[in-house]
Amino acid sequence: MGKSKKRIIHSGKNDQFIRLSREEAVKTVVEFLKAGNKEVYGLITLFGLTAEEVLEAGADYETVAGIRSIFK
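Position numbers for residues count from 1 along each chain, tracking the sequence in the order it is written. Two thresholds apply to this predicted model, a pLDDT of at least 70 for residue-level local features and 80 or more for giving and counting side-chain atom pairs, whereas whole-chain, interface and lining totals are computed over all residues. As a rule here, side-chain values come from all non-hydrogen atoms in the structure, and water together with hydrogens is ignored.

Looking now at the nonpolar core. Most often, soluble globular proteins have nonpolar side chains that are buried together. Remark: nonpolar core denotes a set of buried residues (Ala, Val, Leu, Ile, Met, Phe, Trp, Tyr, Cys) joined through side-chain atoms within 4.5 Å. Burial here depends on accessible area, computed with a 1.4 Å probe over protein chains only, as a share of the maximum for the residue type. Under 20% is buried, over 50% is exposed, and the range in between is partly exposed. Membership of the largest hydrophobic core comes to 15 residues, with the highest contact counts inside it found for Val29, Leu33, Ile44, Val54, Val64 and Phe71. Among the secondary structure elements, those contributing two or more residues to this core are helix 2 (22–35), helix 3 (40–47) and helix 4 (51–56). We call two residues in contact whenever any of their non-hydrogen atoms come within 4.5 Å of each other. Leaving out residues up to four positions away in the same chain, Ile44 has contacts with Val29, Leu49, Ile67, Ile70 and Phe71. Comment: elements are numbered from the N terminus, with helices defined as DSSP H or I runs of at least four residues and strands as E runs of at least two.

What follows is the structure, given as structure tokens:
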């Protein structure tokens, strides 16, 4: 693989979230939980979100209770 392809692939992997605020992170976590996306765990731990924040943003209680071990 050439240098250019390596740079393009590398930048695509690492530039997924550019300047993500805490409010946007909570909204993204709720969307990821509803979609069943596995990246939700990284966002929750990165921002140190609490279960209350995610519930207030509109997540289902059953879903949040299922992953309560990763919340603060």
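Attention shifts here to the environment of Val64. Note that Val64 resides in helix 5 (residues 61–66). By relative accessible area, Val64 is classed as buried at 3%. Sequence spacing of Val64 and Ala51 is 13 residues, and the spatial spacing of their C-alpha atoms is 6.7 Å.

Another point: the pattern of salt bridges. Between Lys or Arg on one side and Asp or Glu on the other, a salt bridge is scored when a side-chain nitrogen of the former is within 4 Å of a carboxyl oxygen of the latter. Within this structure, the stated rule accounts for one salt bridge. Arg22 is the salt-bridge partner of Glu53, the closest N and O atoms lying 3.0 Å from each other. With Glu53 in helix 4 and Arg22 in helix 2, the pair connects residues that are 31 residues apart, well separated along the chain. Classification of Glu53 by relative accessible area gives partly exposed; the value is 25%.

Another point: the packing of helix 2 against helix 3. In contact at an axis separation of 9 Å, helix 2 and helix 3 are set at 155° when each is read in the N-to-C sense. The orientation of helix 2 with respect to helix 3, classified from their angle, is roughly antiparallel. The way helix 2 lies across helix 3 gives a crossing that is left-handed. Two secondary-structure elements touch here, helix 2 through Arg22, Ala25, Thr28, Val29, Phe32 and Leu33 and helix 3 through Val40, Leu43, Ile44 and Phe47. Side-chain classes follow a simple rule in which Ala, Val, Leu, Ile, Met, Phe, Trp, Tyr, Cys and Pro form the nonpolar group, Asp, Glu, Lys and Arg form the charged group, and the remainder, Gly included, forms the polar group. Taken together, the residues that form the contact of helix 2 with helix 3 break down as eight nonpolar, one polar and one charged. A fitted line through C-alpha atoms represents every axis, and for helices the fit uses only the stretch in contact; the resulting angles, taken between N-to-C directions, go from 0 to 180 degrees. Comment on the angle field: the value is read as roughly parallel under 35 degrees, roughly antiparallel over 145, roughly perpendicular from 65 to 115, and oblique elsewhere. Crossing handedness: left-handed means the near helix sits turned counterclockwise from the far one by under a right angle, and right-handed means the same turn made clockwise.

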